[in-house]
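Commentary on secondary and tertiary structure
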There are 2 protein chains.
Amino acid sequence: MKLSEGVEAAIHCAATLAGLEDGATIPGSALAAQFSLSPSYLLKHLQALAGAGILESVPGPAGGYRLARAAERISLLDIVMAVEGPQPAFRCGEIRRNGPVKLPDAAYVKPCGIKVAMLRAEKAWRTALAAEKLSAIVADFRKDADPRSVAAACAFVAQHRRPQKPVSGT
Amino acid sequence: MKLSEGVEAAIHCAATLAGLEDGATIPGSALAAQFSLSPSYLLKHLQALAGAGILESVPGPAGGYRLARAAERISLLDIVMAVEGPQPAFRCGEIRRNGPVKLPDAAYVKPCGIKVAMLRAEKAWRTALAAEKLSAIVADFRKDADPRSVAAACAFVAQHRRPQKPVSGT
DNA sequence: TTATCATGGATAAATTATATCCACAATCAG
DNA sequence: CTGATTGTGGATATAATTTATCCATGATAA
């Protein structure tokens, strides 16, 4: 069982976008280049994040992606669910019913205890993921990471950001 | 992201084997039939469980599988790790290093904060899985499940168990 | 008008999960 | 010993999923 590599990419991109000032954007192609990822494929994930309301997209020559809400209100669970889908990792196939001896459906109204136990454990995972906020990850990075790495990240943002376009009237 | 179906099968088989008296076994082919699973493929998972020390196998016409230790000391984490492998679900590809600006390795001695956060959340999942004991699942099943279902499970064990062979001296 | 960028669909390649088969070793019954 | 039953392990085929690419389209700023 493993998470898709898209999750790692999505989190890194979201963390990068958290460094933007209000309204500014970074194009998807720049994000792909920053992590040496396939642009076409990364866009798929960025679109998933946008569809989930985590990112906003701005079309046009000055467009790109930005966070749709404050980093304090974006958790790793939000990102994982946007990329991987909402389904739980454990999916009960109800194989308890597959034996040669067939019982009526009424014998299976209570949920399978194995499913209950597995989902209970998975709930703990989701709770922990929901507690990991994007804002905390960015703050820890700026505080603890190597200064050269922090400087490089800031330089990337400064180089590729597109400032907020003025609100164009009619 | 999803767990393989083998996990569900492995847990059901282990729970079934927990109903055996000391030393008795059930052949893998009977377990496969009980859950309408591919015998050849289920055996792969049973072998993985045996290799991990969760099950014991007994060859020969009176052979089969049984728990290698008490159900109280078998957790869902043990089974999941035996079937899925020990690797974490989140695997850090160190894509933080992949940008066009290359920094020396010394700039990356501190672990990636995203990896740390993801593994911290995953740890909560493993802890919760480790707390789910096979003995509790079996006890809950006998106490709460539909009596017809419990009776069917007991009948299956009674029909297919192979009693412990007497210790044969030289 | 032109260049840049996001969107969405179609599709191919690579990887992993699922499933099957076969030759072999171990064990027990007769 | 012989034959039947069972687990072991490797090789291999099939299906599903993930990863990656491409192209046509619409939106927007210069």
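Since this is a predicted model, take the numbers as computed values, not measurements.

For an interface, size is often stated in terms of accessible area lost upon the parts coming together. Across the boundary between the two partners, chain A contributes 51 residues, which contact 51 residues of chain B. Of the roughly 4,700 Å² buried where chain A meets chain B, counting both sides, 67% is carbon and sulfur surface. Looking only at chain A, the three residues that lose the most surface to chain B are Met1, Glu8 and Ile95 of chain A, adding up to 17% of its buried area. The tally of links between chain A and chain B comes to 2 salt bridges. In this structure, Glu132 of chain B engages Arg120 of chain A in a salt bridge whose closest nitrogen and oxygen atoms are separated by 2.7 Å. Where chain A packs against chain B, one counts 14 residue pairs in polar contact (both at pLDDT 80 or more). Elements with a contribution of two residues or more to the side of chain A that touches chain B: helix 1 (5-17), helix 2 (28-34), helix 4 (76-84), helix 5 (113-131), helix 6 (134-144) and helix 7 (147-160) of chain A. Here the side of chain A that touches chain B is composed, by residue class, of 31 nonpolar, 7 polar and 13 charged.

Next up on the list: the nonpolar core. Core analysis: the largest hydrophobic core is formed by 97 residues, its most contacted members being Leu3, Leu49, Leu67 and Met118 of chain A together with Leu3, Leu49 and Met118 of chain B. Setting aside residues no more than four positions away along its own chain, Leu3 of chain B makes contact with Met1, Ala89, Phe90 and Met118 of chain A together with Val80, Glu84 and Trp125 of chain B.

Our next topic: the side chain of Ser75 of chain B. Residues and elements named next belong to chain B. With respect to the helices and strands, Ser75 occurs in the loop between strand 2 (64-67) and helix 4 (76-84). For Ser75, a relative accessible area of 3% gives the class buried. Apart from residues no more than four positions distant in its own chain, Ser75 is found in contact with Leu129, Ala130, Glu132 and Lys133.

Attention now goes to the relation of the copies chain A and chain B. Under the fitted operation, chain A is carried onto chain B by 0.0 Å of movement along the axis and a turn of 180°, and the coordinates agree to an RMSD of 0.0 Å. Both chain copies can therefore be described as sitting about a two-fold axis. Residues of chain A ranked by C-alpha distance from the rotation axis are headed by Trp125 of chain A, positioned 2.2 Å from it. Most of the interface of chain A is mirrored in chain B, where 100% of its interface residues again form contacts.

This model, assessed by the stated rule, comprises 1 aromatic pair over all chains. Taken together, a centroid distance of 5.1 Å and an interplanar angle of 20° make the contact between Trp125 of chain A and Trp125 of chain B stacked. Taken together, the residues Trp125 of chain A in helix 5 and Trp125 of chain B in helix 5 (residues 113-131) connect one chain to another. Trp125 of chain B gets classed as buried once you look at its relative accessible area, which sits at 3%.

Turning our eyes to something else, we now look at the environment of Ala121 of chain A. With respect to the secondary-structure elements, Ala121 of chain A resides in helix 5. Once residues lying within four places of it in the same chain are set aside, the contact partners of Ala121 of chain A are Trp125, Ala128 and Leu129 of chain B.

On to the pattern of salt bridges, then. This model, assessed by the stated rule, comprises 18 salt bridges over all chains. A salt bridge links Asp146 of chain B to Arg148 of chain B; the shortest N-O distance between them is 2.9 Å. The exposure class of Asp146 of chain B is buried, given its relative accessible area of 15%. Classification of Arg148 of chain B as partly exposed rests on a relative accessible area of 38%. One network of salt bridges, with partners in common, ties together Glu94, Arg96, Arg97 and Asp105 of chain A.

Rules and cut-offs
Residues numbered from 1 in each chain as written. Chains lettered and ligands numbered in written order. Predicted model: local features only at pLDDT ≥ 70, side-chain atom pairs only at ≥ 80, totals over all residues. Heavy atoms only, no water. Contact = heavy atoms within 4.5 Å. Buried area = accessible area lost by both parts, 1.4 Å probe. Salt bridge = Lys/Arg side-chain N within 4 Å of Asp/Glu carboxyl O. Polar contact = N/O pair within 3.5 Å; in protein donor to acceptor, adjacent residues only side chain to side chain. Helix = DSSP H or I, 4+ residues; strand = E, 2+ residues; numbered from the N terminus. Nonpolar A, V, L, I, M, F, W, Y, C, P; charged D, E, K, R; others polar. Core = buried A, V, L, I, M, F, W, Y, C linked by side-chain atoms within 4.5 Å. Buried < 20%, exposed > 50% of the residue type's maximum accessible area, 1.4 Å probe, protein only. Least-squares fit on C-alpha atoms with pLDDT ≥ 70 in both. Phe/Tyr/Trp six-rings, centres within 6.5 Å; stacked < 30°, edge-to-face > 60°.

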